[in-house]
Amino acid sequence: MLQAPPAAQVDVNFSPNSAQAEAAPGMLAFTPANWAVAQTASVFAVNDRLDEGDQQVQVRAVVASAD
């Protein structure tokens, strides 16, 4: 959710730094119509069927807007 209504769509893109994780959805879009509505993205481990133990993954959130 944003703090104020945007003049143009605001995209928040998520990108894990490893192929061991995925974000879903990979992007959230905030518009003048839904700026005050909370949206959720989840990060989960990819099941590659290998027992690799605990791993750490960083997820980068990049905000893009013409506003």
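So, a few notes on the structure that sits alongside this text. Since the structure is predicted, the reported quantities are computational estimates derived from the model, not experimental observations.

1. What to know about the overall build of the protein
Now for step 1: Check the secondary structure of the protein and you find 0 helices and 5 strands.
Now for step 2: Going residue by residue from the N terminus, the α and β elements of the protein occur as β-β-β-β-β.
Now for step 3: For the protein, whose C-alpha radius of gyration is 15 Å, the value lies well above the compact-globule estimate of 11 Å for 67 residues.
Now for step 4: Dimensions of the protein along its principal axes, counting C-alpha atoms only, are 45 × 20 × 15 Å.
Now for step 5: Taken over 67 residues, the protein has a buried fraction of 12%.
Now for step 6: The long-range fraction of contacts in the protein, counting pairs at least 24 apart against all pairs at least 6 apart in sequence, stands at 58%.

2. Some thoughts on the pairing of strand E3 (residues 27–30)
Now for step 1: Burial along E3 is one-sided: the face carrying Leu28 and Phe30 is buried and the face carrying Met27 and Ala29 is not.
Now for step 2: Note that strand E1 (residues 10–16) and E3 share 4 bridges and pair antiparallel. Looking across to E3, one finds that Val10 is bridged to Phe30.

3. With respect to the sheet that holds E3
Now for step 1: In spatial order, the strands read E3-E1-E5; together these 3 strands make up an open sheet with antiparallel pairing. The sheet terminates laterally at E3 and strand E5 (59–65), the two strands that pair on one side only. The average angle at which neighbouring strand axes cross in this sheet is 15°, direction not considered.

4. Some thoughts on the environment of Val57
Now for step 1: Tracing the sequence through the fold places Val57 in the loop between strand E4 (42–45) and E5.
Now for step 2: Classification of Val57 by relative accessible area gives partly exposed; the value is 30%.
Now for step 3: Remark: the alpha-carbon pair of Val57 and Ala45, spanning 12 residues in sequence, is separated by 9.2 Å.
Now for step 4: Those residues within four positions of Val57 in sequence are excluded, and the remaining contacts are Pro16, Asn17, Ser18 and Ala21.

5. Considerations on unusual backbone geometry
Now for step 1: In this model, Ala24 is joined to Pro25 through a cis peptide bond whose omega is -10°.
Now for step 2: Secondary-structure assignment places Pro25 in the loop between strand E2 (21–24) and E3.
Now for step 3: Here Arg49, not a glycine, exhibits a phi torsion of approximately 65°, which is positive.
Now for step 4: Note on placement: Arg49 falls in the loop between E4 and E5.

Definitions and limits used
- Residues numbered from 1 in each chain as written.
- Predicted model: local features only at pLDDT ≥ 70, side-chain atom pairs only at ≥ 80, totals over all residues.
- Heavy atoms only, no water.
- Helix = DSSP H or I, 4+ residues; strand = E, 2+ residues; numbered from the N terminus.
- Rg over C-alpha atoms; globule rule 2.2 N^0.38 Å.
- Buried < 20%, exposed > 50% of the residue type's maximum accessible area, 1.4 Å probe, protein only.
- Contact = heavy atoms within 4.5 Å.
- Pairing = 2+ DSSP bridges.
- Axes fitted to C-alpha atoms, helices over the stretch in contact; angles between N-to-C directions.

Keep in mind these values describe shape, not function.
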